[in-house]
Structures are given as C-alpha cells and as structure tokens.
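Secondary and tertiary structure notes
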Amino acid sequence: MDVRELILRKMEENGEVRSSEIVEETGYSRAYINRFFRDLREEGVLTLIGKANRARYIPAQEKLIAMERASIKSVRRILKNTGIEEDKVFSEIRRKTGIIKGLADNVSRILEYGFTKMLNNAIEHSGSERIKIEMHRKSLNVTFEVRDWGVGIYNHIREKKRLSSEMDAIQNLLKGKQTTDPDFHSGEGIFFTSKAADLLTIRGSVKKLVYDNLAEDIYIRDLSRSEGTRVHFSIALDSRRLLEEIFNRYKDDSYHFDRTEVRVDIYEEGTDYISRSQARRLVSGLEKFKKVTLNFSGVETIGQGFADEVFRVWHSRHPGVELIVENAKENVSFMIERARGGS
C-alpha cells in the first residue's frame, strides 16, 4: 500500500486528513505513518493545524508554513554518513525551523561555525556509518549535539599520534592547533569552538573533556565506557562574544595561528614523570606556539631525564618559544632549574 498516495487522496477528497485515519485504514503504527506526514510537511505539501485530538493536516499555504516552521525550536536527525555536507545541514535547519530565526548576529555566526566544524569532524574522522545531530533553542540559550558511533576521538588521536593512553590524547588535543590529518585540516576547529562556546564537552570512550568558559575552567571527568564521540555545545542567547575577535586574538594577519598561547596541564595519572619518551610526547607539537604554559599542579616530582628533555633539549631546539612553568612544587622546581643550568 502506498501510504503517501493514500494521504494525498484523502486530502483531495475531504480537504483535510488526520493521521488516525491513515493508521486505522492501513494498520500501520502511528510512528510509521507520522514519518510520511513529516516528509510531506517538510516538502511544503501539508501543514498541521490544531493540537491533540483536534490535530489535522490541510493543504499547505505559504504563510501557514512560515508560521509553523518558526514555531519549531528543536530538531533531531540521524544522518547516513555518505555525502553529507555540513553547511547544507545547517542551512536546512535555518530554513525549516525557528531555532536560528531572530538570533543575534554574533550568536548565529558562532553557532554556525561550531556546528559545521563539529559535524565535519564526525563526517571526516569518525568512521561511523551514521551521525546523530540535535539542536535546541531554549529560553536562555541555544545548544547542539553531534554524536557518532565511530572509533572515538581520543582513540583516534592516540592511534594517529602513536600515544600510549587516552589521557595523552587529551593533552595533545589541549595543545590547540593539532590535527591527525594535516594535509586537509588545520586543526583549528575544536580550538576556536572551545573559545567561542559558553560550554563545550567532548566525550569519547571513558573520558569527557569540558571547556567551561563561564567558569573559566577546563577539566576532565571519568565516565562509563561509550561508543564513538559525543560533542555538546551551548551558548547564551545574549552572549557578547564575537567570532572575529576570537580569531584576531589567536591569529596574525597571515592567518597562520602564530600568536597562539597554550596551557598544558601535566596530569599525574598515577605515574611519575620520569622518562624522556614521556617528555617527548608532552612537547610534541608545542613548537607551533609562541608561549607555552606548563601547569604542574598535583605533580609531586619529575625525573632528571624528563626535565632535561623538555627544558634543555627541546627548548634549545625551539628558543623562540617562551616556556612558562606554573604550580611547580619544590622537588619539581629543583629538577627544572637543574635542567636549565641553574638559570
């Protein structure tokens, strides 16, 4: 039975149609039938009027369609990861819902930038056959979530960079301009999105990385294991942030990210920082930055080899990088000063 044709025939005969009529006549579930009504609404063929028991569909009129779309404040879709174009997905949300309608221009630009960058990451890197997107306009903020069922962002970074753990992968990500595919990606998407959002969380496997710009904090939580990657973004409707100002703060005129300052937290993770190999993993990629702050909060001690590799060997190779140490305890400071030659 052609459900679509049945709906259109009922509409032509009676001037309106109810989903309950089609359910009764076909024997299919209401959820299944509602898919056809949803498609016809999105195509601009039908429009819904009334609520609950009075809900019915009538031939679409341009004004009614515009009013209906403006009233839609949430969208959820599961996309097949074949030929998806992130800008077209965002444009469709703009056209067919009221989520973006009336947003301040700066908020709209940040939302578009963050959404398209995070969706592109899932399309290009996850290896997932499907991607779930959500976007919600609430009374105080607008949020989106991009979810995939692929390898997981931290596992992906760990494998591509040959790192030993997910925590090493998170440290690598926190360095800023890092990418597993340098021929095609600059690695700036997550960095700038994390600066523009009020809240950005990136969940992969057993870790969740949280960028909380309202509290001016970054932290990590342990979670039960999950498949793939889940990115959640939130920004206030009255946010004063400007995407251009964020770009200008971290980029020079040639748009090469040269003025970036980066803060790297040295996570203790139950292991002392002793070896040169640990040090080399830590500083990998930091030569791209002009100012690097190493935060040793919570670290009780470091080994001579670790300190020498970072503060003498690596720094002598990259003297243009300003290396700043924060929250180093006495034992840590002693090893750093010794590596620096007592300077």
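What counts, and where the lines are drawn
- Residues numbered from 1 in each chain as written.
- Predicted model: local features only at pLDDT ≥ 70, side-chain atom pairs only at ≥ 80, totals over all residues.
- Heavy atoms only, no water.
- Pairing = 2+ DSSP bridges.
- Helix = DSSP H or I, 4+ residues; strand = E, 2+ residues; numbered from the N terminus.
- 1 Å grid on protein atoms, 1.4 Å probe; cavity = no way out; pocket = protein on both sides within 12 Å on 5 of 7 lines; lining within 4 Å.
- Points joined across faces, edges and corners; volume = space filled by probe spheres on them.
- Nonpolar A, V, L, I, M, F, W, Y, C, P; charged D, E, K, R; others polar.
- Buried < 20%, exposed > 50% of the residue type's maximum accessible area, 1.4 Å probe, protein only.
- Right-handed = clockwise from strand over helix to strand, strands pointing away.

In terms of strand pairing, strand S6 (residues 199–204) meets strand S7 (residues 207–212) through 6 bridges, oriented antiparallel. Looking at S7, one finds that Arg203 is bridged to Lys208. The sheet contact formed by S6 and strand S9 (residues 229–236) spans 6 bridges and is antiparallel. The residue of S9 that forms the bridge with Arg203 is Arg230.

So, on to the layout of surface pockets. In this structure, the second largest pocket encloses a volume near 910 Å³. Considering the residues around the second largest pocket, the lining is formed by 39 residues, among which Arg38, Arg41, Glu42, Glu68 and Ile72 are closest to the centre. Looking at the lining of the second largest pocket, the elements that each hand over two or more residues are helix H2 (19–26), helix H3 (30–42), strand S1 (46–49), strand S2 (56–59), helix H4 (62–70), strand S3 (74–80) and helix H5 (86–96). When grouped by side-chain class, the residues that make up the lining of the second largest pocket number 16 nonpolar, 9 polar and 14 charged.

With that settled, consider the pairing of strand S11 (residues 291–295). Burial within S11 is extensive, with 4 of its 5 residues counted as buried. In this structure, strand S10 (residues 261–265) lies alongside S11, joined through 5 bridges in parallel fashion. Paired with Asp265 across the two strands is Asn295, which belongs to S11. Relative to strand S12 (residues 322–326), S11 runs parallel, the two being bridged by 5 bridges. Residue pairing for S12: Leu294 is matched across the bridge by Val325. Chirality of the crossover, the property in question, places the unit of S11, helix H12 (residues 304–317) and S12 among those that are right-handed.

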